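Residue-level listing of the chains:
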There are 2 protein chains.
Amino acid sequence: MKAAVVGGGVIGGGWAARFLLNGWDVSVFDPGPDAERKINEVVANARRSLPGLYETALPAEGKLTFVNELPAAVRDADWIQESVPERLDLKHRVLGEIQTHAPDDALIGSSTSGFKPSELNQVNAGPRRARAFVAHPFNPVYLLPLVELVGQTTTVARASGILTSIGMKPLVVRKEIDAHIADRLLEAVWREALWLIKDDIATTEEIDNAIRFGFGLRWAQMGLFETYRIAGGEAGMAHFIEQFGPCLTWPWTKLMDVPELTDELVQKIANQSDHQSGHRSIRELERIRDDNLVAMMRALKWREWGAGVLLNEHDARLRSERVTSEKKPIRTVDRVIPVDWTDYNGHMNESRYGQVFSDAADSIMAMIGADEAYIASGLSYFTVDTHTRFLNECHAGDTVHVDTTVLEGAGKKLKLFHDMKRGDDTVATCEQLLIHVSLETRRSCEPGPTVSAKLAPLVVEGTS
Amino acid sequence: MKAAVVGGGVIGGGWAARFLLNGWDVSVFDPGPDAERKINEVVANARRSLPGLYETALPAEGKLTFVNELPAAVRDADWIQESVPERLDLKHRVLGEIQTHAPDDALIGSSTSGFKPSELNQVNAGPRRARAFVAHPFNPVYLLPLVELVGQTTTVARASGILTSIGMKPLVVRKEIDAHIADRLLEAVWREALWLIKDDIATTEEIDNAIRFGFGLRWAQMGLFETYRIAGGEAGMAHFIEQFGPCLTWPWTKLMDVPELTDELVQKIANQSDHQSGHRSIRELERIRDDNLVAMMRALKWREWGAGVLLNEHDARLRSERVTSEKKPIRTVDRVIPVDWTDYNGHMNESRYGQVFSDAADSIMAMIGADEAYIASGLSYFTVDTHTRFLNECHAGDTVHVDTTVLEGAGKKLKLFHDMKRGDDTVATCEQLLIHVSLETRRSCEPGPTVSAKLAPLVVEGTS
């Protein structure tokens, strides 16, 4: 599959990175002199953060090419994404040219944050009907899952499937409106924040703190309405709205008016922002943001909630695409070390080796049918003893795999030997003894006959 | 120290829990028939989530009492928190009574989300000047750190110190305005969201998804302005504002008008919310929210960023308050198991035992001066071998400690034996071999003389 990215910058670069790291070839057209450098910087950021979101290695990276003419970029593309500046005349010109040269069945998305499809498609598309749709992503595009889709129903359904396959969360907006959904909310906050600064109520840093130490943490996982549903408590949502509704007409907001963006206000905000974050470069801030997002999204993954559900679904797809080999030792883990596994020594913390080996044992569990249903039936294996040898350091971004040998598998005992490797080098080994247990009595017991039967042929004779 | 909570409900209960779990005695007054049950439920939620935010056990819980008269609650309190419904006449009556009976130097905070101190203090406080201040928290109060403080400078400074000591983040609002800072932003979003629902653009669930799969993840860690600073890229913040400024006057928002909260709109929202979340009880949703918050805040803790910095500072305070004992074995860990450490078997994942033992080794490192400065000088210890025996299960909320014996400590080798206990029961043991290394060559080398000298007396003779 091939994606064409028209218009570089931080959004176009984010799209390029998202497709590329999910195995697509990507062709970029941007006439700006700095486009190649800028896109490569975004892709570099993506390489150090995106693969660590998953417990499974992503497919091999696609090929990234930069072309000098728009037709060369879009001619054989399956997905074309327009991310040029937010000016309707410019969008019209670029989308017209795209549709003249694109394959008939190519999907043509626009990253516009404000324009409606009916506006975008007021364009001369040659003999064909103009057929661009809105595919509005959020920065950083390679990490944040949300894409707002607005357009013709069947087109948007096809687009949803592809976006899901590259780990994104399509949100189909059913009625076209200016600024779709998310930016309307963002714009409301932005406007109010400008007033707070103009009136010297708060600085940029105080406003950021008011968000990230409070409701920002709520919104990262539940959004607005589910949060308020809880606040309403047992009395329910209607009660909550009726109770807080009257506040809407109180003099709480300045929203009836728009602050004028004078030079003075712009400079005030810029100065406050320098004071708040100026000691770090934009590059540093990008990496901090990305590492934070990875760590929080991985926390939600563990919790099976919100953006975390999406990551687990993508892991499941990645795993299902792998061919399970009959070969021994068994390949039980194949993954990239995420940033949140490192410690003050700058390398992967020792406890995370234990997590990799625990995941390796889980792979064996899946193979022998000691799965969710089995656990729900009241049976499982518990680890009782591990002996780990740490032979080499691991760092964030390293691709590692585990080869597991089943040393013993008769009766209640299951003994595994895990060899964790980076390429051909062993970085750690672990001998792990598990005992089959009843989850009711929390005591050892014989495994079920199906599990025993599946386990027996995996045992490597004469190794124990 | 003693806190008085006047007005139960979810906010008053959250304050009670926050104080109580940080070692304060708490006295509650609320004339409602259900107050005691409701507050106990909030405190139960707090018990299962708050202690897991820290790597150090919190002080012993204070004593919670319910009294039938307001004067009995406030008479000997150091902090009095008013959390009655948002009606100014009611606030006046309650704050007047509080100030008649409170000690002269008691701090009197109001949880009001909208009123200004000048409004709250239009009250007959007897012979004294009315002196309430705004201390506006965010639900769940026992987890979210933010408290907006508005009031007289010296009072607010005293209040800040106390709030910090119970793990909160005071944000001093320098000019009093209706709704302080955060609720002005929230109100702007709420208003716009109501329009989106009224106009059938989006449902409650779609709006929540637009937030939590996109900008909500950004706001949980950086807020609005630092996020946009990055979006502006190398061109800077002033450039960003100038570029996006004109959008403010585009027809992007409905904000110039307030939607009327008709019965029909209220019911529409309630129905959509039922469809979105109605399959879970409020209790379930509360626990899901709390577990998500704990997991994300712990992720930020590991990243040393935002709300995570606050948690690390609180850990440092908790640790500094512990008396280091000369006794052997050495008490190296004393903590509660957080929710994000459990796995599909419902108990603590085996890799987290490794984390507890890794933390135990870090305590020894701190004792022997192999600290941050030592690491910065290019020296450290790396673990090369562990043998772990898993003897008992651990669950979220369990308080555990580790007793560590130093078996060997001469030259490059450091051998530790960790005994992880819940009460008197050993849940796991770990024999850990560490080797002293140069962080430059990544090879073994002799430790510095100060570290060697500090280590020698810790070694227990004849154990190895």
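Throughout, residues of each chain are indexed from 1 in the direction in which the sequence is written. Going through the entries in the order they are written, you letter the chains from A and number the ligands from 1. In keeping with the predicted nature of the model, local features appear solely for residues at pLDDT of at least 70, side-chain atom pairs appear and are counted solely at 80 or more, and the whole-chain, interface and lining totals rest on all residues. Note that water and hydrogens are dropped before the side-chain values are worked out from all heavy atoms of the structure.

Visitor: Can you walk me through the relation of the copies chain A and chain B in this structure?
Guide: One copy of the chain maps onto the second through a rotation around an axis plus a translation along that axis. Superposing chain A onto chain B takes a rotation of 180 degrees plus a shift of 0.0 Å along the axis, which leaves an RMSD of 0.1 Å. Taken together, the rotation angle and the small translation identify this as a two-fold axis. A symmetric contact is evident, with 99% of the interface residues of chain A recurring at the interface of chain B. Residues below a pLDDT of 70 in either copy are left out; the C-alpha atoms of the rest, at least 70 in both, set the least-squares superposition of the copies. It only takes one pair of heavy atoms within 4.5 Å for two residues to be counted as in contact.

Visitor: What is the right way to look at the pairing of strand β13 (residues 425-438) of chain A in this model?
Guide: Consecutive residues of a regular strand have side chains that alternate between opposite faces of the sheet. Residue and element names in this part refer to chain A. Each residue is placed in one exposure class: buried if its accessible area under a 1.4 Å probe, protein chains only, is under 20% of its type's maximum, exposed if it is over 50%, and partly exposed if it falls in between. Runs of E in the DSSP output that reach at least two residues are strands. Runs of H or I that reach at least four are helices, and both are numbered from the N terminus. Within β13, ten of the 14 residues are buried, leaving the element largely enclosed by the surrounding structure. Think of it this way: DSSP has to see at least two bridges between two strands before they count as a pair. In the sheet, strand β10 (residues 379-390) pairs with β13 via eleven bridges, with the strands oriented antiparallel. Across the sheet, the residue bridging to Y381 is H436, located in β13. Where strand β12 (residues 413-422) meets β13, ten bridges bridge the pair, whose relative direction is antiparallel. The partner of K421 across the bridge, within β13, is T426. Strand direction decides the pairing type here: β13 and strand β14 (residues 443-444), joined by two bridges, are antiparallel. Note that in β14 the partner of V437 across the bridge is S444. Hairpin remark: β13 followed by β14, antiparallel, with four residues in the connecting loop; positive phi at R442, about 55 degrees.

Visitor: Help me out: how do you make sense of unusual backbone geometry in this one?
Guide: It is generally the case that most residues other than glycine have a negative phi and that most peptide bonds are trans. Cis geometry is adopted by the peptide bond preceding A:P140, which originates at A:N139 and carries an omega value of -5 degrees. Mapped onto the secondary structure, A:P140 falls in the loop between β6 (133-137) and β7 (146-150). Here the amide bond leading from B:K328 into B:P329 is cis, since omega sits at -10 degrees, within 30 degrees of zero. Here B:P329 is to be found in the loop between α13 (307-321) and β9 (330-336). Positive phi outside glycine occurs at B:E304, with the angle close to 55 degrees. Mapped onto the secondary structure, B:E304 falls in the loop between α12 (282-302) and α13. The exposure class of B:E304 is partly exposed, given its relative accessible area of 48%.

Visitor: So what exactly am I meant to see when it comes to the sheet that holds strand β8 (residues 169-172) of chain B here?
Guide: Adjacent strands of a sheet form backbone hydrogen bonds with each other and so pair up, either parallel or antiparallel. All names here are of chain B. Taken in spatial order, the eight strands make up an open sheet running β3-β2-β1-β4-β5-β6-β7-β8, and their pairing is mixed. The outermost strands of the open sheet, each flanked by one partner alone, are β3 (64-67) and β8. Sheet twist, expressed as the mean angle between neighbouring strand axes with direction ignored, is 25 degrees. As paired strands, strand β5 (residues 107-110) and strand β6 (residues 133-137) are joined by two bridges and run parallel to one another. Within β6, the position partnered with S110 by the bridge is V134. The angle between two axes is taken between their N-to-C directions and runs from 0 to 180 degrees, where each axis is a line fitted to C-alpha atoms and a helix contributes only its stretch in contact.

Visitor: Can you help me understand the interface of chain A and chain B in this one?
Guide: By a frequent convention, interface size equals the accessible area lost on bringing the separate parts together. Of the residues lining the interface, 148 residues belong to chain A; the matching set on chain B comes to 148 residues. Taken together, the two surfaces of chain A and chain B that pack against each other cover about 14600 Å², and 64% of this comes from carbon and sulfur. Salt bridge, as used here: a side-chain nitrogen of Lys or Arg that lies within 4 Å of a carboxyl oxygen of Asp or Glu. Linking chain A with chain B are ten salt bridges, by the criterion used here. Residue B:R184 pairs with A:E192 through a salt bridge whose shortest N-O separation is 2.8 Å. By buried area we mean how much accessible surface two parts lose on assembly, using a 1.4 Å probe and totalling the loss over both.

Visitor: Teacher, can you tell me more about the pairing of strand β11 (residues 399-408) of chain A here?
Guide: Residue and element names in this part refer to chain A. Among the ten residues in β11, eight count as buried, and that is most of the element. Of the strand pairs in this sheet, strand β9 (residues 330-336) and β11 are connected by six bridges, and their pairing is antiparallel. Within the sheet, the bridge partner assigned to R335 lies in β11 and is V400. Summarising the sheet, β11 and β12 pair through seven bridges and their orientation is antiparallel. Bridging across to β12, V406 finds its partner in L416. Where β11 hands over to β12, the hairpin turn is made up of four residues, of which G411 adopts a positive phi near 65 degrees.

Visitor: Explanation requested: the confidence of the model for chain A in the structure shown.
Guide: Interpretation of this model should avoid reading the predicted coordinates in detail wherever pLDDT is low. For every residue, the pLDDT score states the predictor's confidence, bounded by 0 at the bottom and 100 at the top. The predicted model of chain A has a mean per-residue pLDDT of 89, with 94% of residues at 70 or higher. Model confidence for the complex: the whole-complex pTM is 0.89, and ipTM, which rates the interface, is 0.88.

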